[in-house]
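Listed below are the residues making up each chain.
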Amino acid sequence: MLLDAASLYFRAFYGVPTSVTSPDGRPVNAVRGFLDMTARLLTAHAPTRLVACWDDDWRPAFRVEALPSYKAHRLAPDGGEETPDELSPQVPVLVDVLAAAGIARVGAPGYEADDVIGTLATRARGPVDVVTGDRDLFQLVDDARGVRVLYTARGIADIEVVDEAAVAAKYGIPGRAYADFAVLRGDPSDGLPGVAGIGAKTAAALVTEFGDLAGIRAAAARTAVPRAPLTRGVLEKLHAGGEYLDAAPVVVAVARDVDLPPVEGALPTRPADAAALAALADAHGLRSSLGRLGAALGWPADALD
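Within an unreviewed UniProt entry, the label attached to the protein reads 5'-3' exonuclease, and the organism entered is Geodermatophilus arenarius. One UniProt comment on the protein, placed under Function (unreviewed entry), says "5'-3' exonuclease acting preferentially on double-stranded DNA."

See the structure below:
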């Protein structure tokens, strides 16, 4: 099980009231929510390995160089990502808690969590569940390899299991064609404009007819007599969007070959550092959430004593 950590702690922050605080009054809603969500995922899906995948760079240079609008609307004045003031201090606490618990946390300089997930999913020899609220990771679904997405858009209590059939049913495209579909349609949440004038329906028709972006562009280049889905208007839009189509695949495609060390992700049978975890639990009011996490991991009842 690969957790898109930022996706989950943002969801936890907005899903759990900031009135949930530590003994000294600091918000810990994101930390507690993240731990509770992880416990529920472990209980419901029983993975044999678990990795929290981290955004070491939420807006990598290689993506911005290809498409300057990438996530530009989410830039804070200091150049970082806009993050609620109550959330920012909780992220280092979560890092410390995961380390003391013994749950693997992996990031890579210059890459997003998506790329870490893509690399680990590609390396995996067995089935993989990717937990995320980000549709971009639908491009990783692969029925033959058992890679699926547990999509959290409706929350942990109402997860949508996304495999190739689900992608096909939702978007009307071949099950492994999401990345090319997303390039054409665009995604405003990431500052990805898409090809002007081409919406989801036309994008789906093009991908279904020609297989992938390369096939679409090749067909557009050689088509002399317009016919659906390459009507005259669509051809004009594709030609006008040529520069965007040159750049966008680099932005949308999840990297699958990031230089990562070997990652086992074995489920900890006890906390890696029980004393440190107990201190964090007391300082931040996390004993109940860590108790639920420990129960899901099969820790002994006295793990934090």
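(A) The arrangement of the packing of helix H7 (residues 178-185) against helix H11 (residues 242-252) in detail. Across the interface, H7 lies against H11 with an axial gap of 10 Å and an inter-helix angle of 130°. As far as their axial angle goes, H11 and H7 are oblique. Two packed elements cross with a definite hand, and for H7 against H11 that hand is right-handed. Contact residues: H7 offers Ala 179, Ala 182, Val 183 and Leu 184, while H11 offers Tyr 244, Leu 245, Ala 248, Pro 249 and Val 252. Looking at the contact of H7 with H11 residue by residue, the classes come out as 9 nonpolar, no polar and no charged.

(B) Examining the packing of aromatic side chains more closely. Applying the stated criterion across every chain, the model contains 10 aromatic pairs. A centroid spacing of 5.1 Å and a plane angle of 85° characterise the contact between Phe 13 and Tyr 14, whose relative ring orientation is edge-to-face. Since its relative accessible area comes to 61%, Tyr 14 is described here as exposed. Between Phe 138 and Tyr 171, the ring centres sit 6.4 Å apart and the planes meet at 50°, which makes this aromatic pair tilted. Residue Phe 138 is found in the loop between strand S4 (128-132) and strand S5 (147-151), and its partner Tyr 171 is found in helix H6 (residues 164-171); the two are separated by 33 residues along the sequence. Across the pair, exposure class does not vary: Phe 138 and Tyr 171 are buried alike. Its guanidinium or amino end placed over the ring of Trp 54, Arg 105 lies 4.9 Å from that ring's centre, counting from NZ or CZ.

So, how was this worked out
- Residues numbered from 1 in each chain as written.
- Predicted model: local features only at pLDDT ≥ 70, side-chain atom pairs only at ≥ 80, totals over all residues.
- Heavy atoms only, no water.
- UniProt positions renumbered as here; feature names shortened; annotations may be inferred.
- Axes fitted to C-alpha atoms, helices over the stretch in contact; angles between N-to-C directions.
- Helix = DSSP H or I, 4+ residues; strand = E, 2+ residues; numbered from the N terminus.
- Parallel < 35°, antiparallel > 145°, perpendicular 65-115°, else oblique.
- Left-handed = near helix turned anticlockwise from the far one by under 90°.
- Contact = heavy atoms within 4.5 Å.
- Nonpolar A, V, L, I, M, F, W, Y, C, P; charged D, E, K, R; others polar.
- Phe/Tyr/Trp six-rings, centres within 6.5 Å; stacked < 30°, edge-to-face > 60°.
- Buried < 20%, exposed > 50% of the residue type's maximum accessible area, 1.4 Å probe, protein only.
- Lys NZ or Arg CZ within 6 Å of the ring centre and 35° of its normal.

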